[in-house]
Amino acid sequence: MRRNSPATILVLMLIINVLWFIYSLWHRNPDIDDAWIGEMVWWMHKVGYAKSELMHGITSQEVRSLVHHKLFSLNGLASVKLFGFSLYSLKIVSLLWLVIFCLVLYRYLLKKFNQELALLVLMLFSINAFVFQFGFVFRPEIMVMTLGFISWIYLERSFEQTRKPYLFLMLSGLFAGLAASGHLNGLIFAGAGGILLLWNKRWVGSIAFGVSALVGFAVYFYDFTRDFGIDYWLMQVSSSPALFHSTVMPKSITFLAKLFREHLRLFHSPREIALSIMVILLIVGGYKVLYKTLKLQMRYLLLLAILLALIAVHTTGKYLLLYLPHMLIVSGLALQKIYTFRKKNLPLTGNINSRQAWPWSLALVIIYIVVNAGWNVKTATNKWNPNLNRELSLKFANGTIENIYVVAPMEFIFDEIKYYGRIQADLSFGDREKAGLDISGPEFIELLNLDGINRLYLTPEYEEKFEIHHLPLLPDGREAVTRLGEFNGLTIYKYNGAK
């Protein structure tokens, strides 16, 4: 590589990204999903199946949970068996999948395009704030993204190969099905692959793809039993407070109306806005060049975006990770072409040529880099002290800890889950509120009695939600709670009505 060449600059930026990411791993702060999803793995390891005491009282999850990210949970279980249960034995699962993906992506781009594009896309990918954050969070998006992208590689090869195309289609379908078994949003890869084959009149091929996808997706049903089967799963899905239920429009209209809410995902915050504007304008600007080279991938990207809008329950930006690689490959190639012809007048879209497009294309990329780098600084510098939860327990729980049933923030399970009788998330009460229940005042006391709670470790937000300072007296005239003190932003209370 020549000094000051684009490749040299990209390598330097990539090295900086990687080093900063490595620094961020040290004492990385727990994410709420590390606890929410990770607790399922704790119970899988301890009792042999997924359940949740954090969400006690919500859709019978304290009995058993069938609504979890099956293949990803099994990955977590393997890590816990190897390293024991901890925040970092969970986080390392996503980190491993991130490394696998980067190797797959680089090899794919090097083989299909050239080193400069491979380095450009890898740099844009590595600095993305969602990649930086969720590459070390126990959530399934990185794994699902990897499996979905491998599915795409085999799908593309089936179009390019005249010999044994069905082998590639079956491999593509298998990985698409595995992606769906890691998170139901991964169904977009099976859907997009099947529709793309039909779009190109590969009738028999679509059947081979679909059958293989079903084989991969079968992993999702590994923990279904006679007593806990499809009816139980449907109950947990349909009754979940996390789901949006429209009471105005028919479900069919609500389903299609989700397409008109997808902009909420693409433009939710500066992270999404910087990415979306860069990708959209580069695709528009380089459309003529891109369609000749990446017609199949552009169609696939369009299908993924539409299907995600229809399938995903929430419009959260982190789901963009599922098709982020395709967004960056398409926009990266457009940027490379514009750079190559920056001193010429290659006609692009409308009256715009490559000479005119280069300055604003570069500006879009710089904005994307600056915005995401700023977010990454925040992620990397927000450090966690793993001893604080233990100190809290020793100070306020002492020797009776196995008899304590506590309401606390989800992250308190690290690494206190093995000591308490139950750690129930404050968020579980928030979900009850979403379902229409009153969780404050006298009703809160009823819930404490129902769940057998005797301690409360509360943030100011939940002190206010529960109206903790305005609770009525107990029947015997005593105060409902006794304030024991404060610790690390939490106020510690003893519930006096516990039996």
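All figures in this text were calculated on a predicted structure; none of them were measured in a lab. (Residues numbered from 1 in each chain as written. Predicted model: local features only at pLDDT ≥ 70, side-chain atom pairs only at ≥ 80, totals over all residues. Heavy atoms only, no water.)

Asks: Outline helix H17 (residues 354–381), supporting the account with residue identities and numerical values.
Replies: Within an α-helix, residues lying three or four positions from one another point in the same direction, as the helix has 3.6 residues per turn. With 28 residues, H17 extends 40 Å from end C-alpha to end C-alpha; this agrees with the ideal 40 Å at 1.5 Å per step. Inspection of H17 places Ser 354, Ala 357, Trp 358, Ser 361, Leu 364, Val 365, Tyr 368, Ile 369, Asn 372, Asn 376, Thr 379 and Ala 380 among the buried residues, and these make up the whole buried set. Buried residues in H17 make contact with helix H1 (6–25), helix H5 (115–127), helix H6 (129–134), helix H14 (270–285) and helix H16 (324–340). You can read the cap of H17 off the contacts: a side-chain oxygen lies 3.0 Å from the backbone nitrogen of Arg 355, and it is on Asn 353. (Helix = DSSP H or I, 4+ residues; strand = E, 2+ residues; numbered from the N terminus. Expected span 1.5 Å × (residues − 1). Buried < 20%, exposed > 50% of the residue type's maximum accessible area, 1.4 Å probe, protein only. Contact = heavy atoms within 4.5 Å. Polar contact = N/O pair within 3.5 Å; in protein donor to acceptor, adjacent residues only side chain to side chain.)

Asks: Provide a residue-level description of the nonpolar core, including the pertinent values.
Replies: Ranked by size, the top nonpolar core spans 151 residues in total, and within it Leu 456 and Tyr 457 carry the most contacts. Those residues within four positions of Leu 456 in sequence are excluded, and the remaining contacts are Val 406, Val 407, Phe 444, Leu 448, Ile 468, Val 481, Thr 491, Ile 492 and Tyr 493. If you look at the next biggest cluster of nonpolar residues, it comprises eight residues, including Leu 66, Ala 180, Tyr 220 and Trp 233. (Core = buried A, V, L, I, M, F, W, Y, C linked by side-chain atoms within 4.5 Å.)

Asks: Explain the sheet that holds strand S4 (residues 481–487) to me, using residue names and the numbers behind them.
Replies: Note on sheets: strands pair through backbone hydrogen bonds, and any given pair is parallel or antiparallel. The sheet built from five strands is open, its strands ordered S2-S1-S3-S5-S4 with mixed pairing. Single-partner strands in this sheet number two, and they are strand S2 (422–425) and S4. The mean angle between the axes of side-by-side strands here comes to 20°, regardless of whether they run parallel or antiparallel. Across four bridges, strand S3 (residues 455–458) lies against strand S5 (residues 490–495) in antiparallel orientation. The residue bridging Leu 458 from the neighbouring strand is Thr 491, located in S5. With respect to the sheet, helix H20 (residues 426–434) is in contact with strand S1 (405–408) and S2, its orientation differing from that of S2 by roughly 45°. (Pairing = 2+ DSSP bridges. Axes fitted to C-alpha atoms, helices over the stretch in contact; angles between N-to-C directions.)

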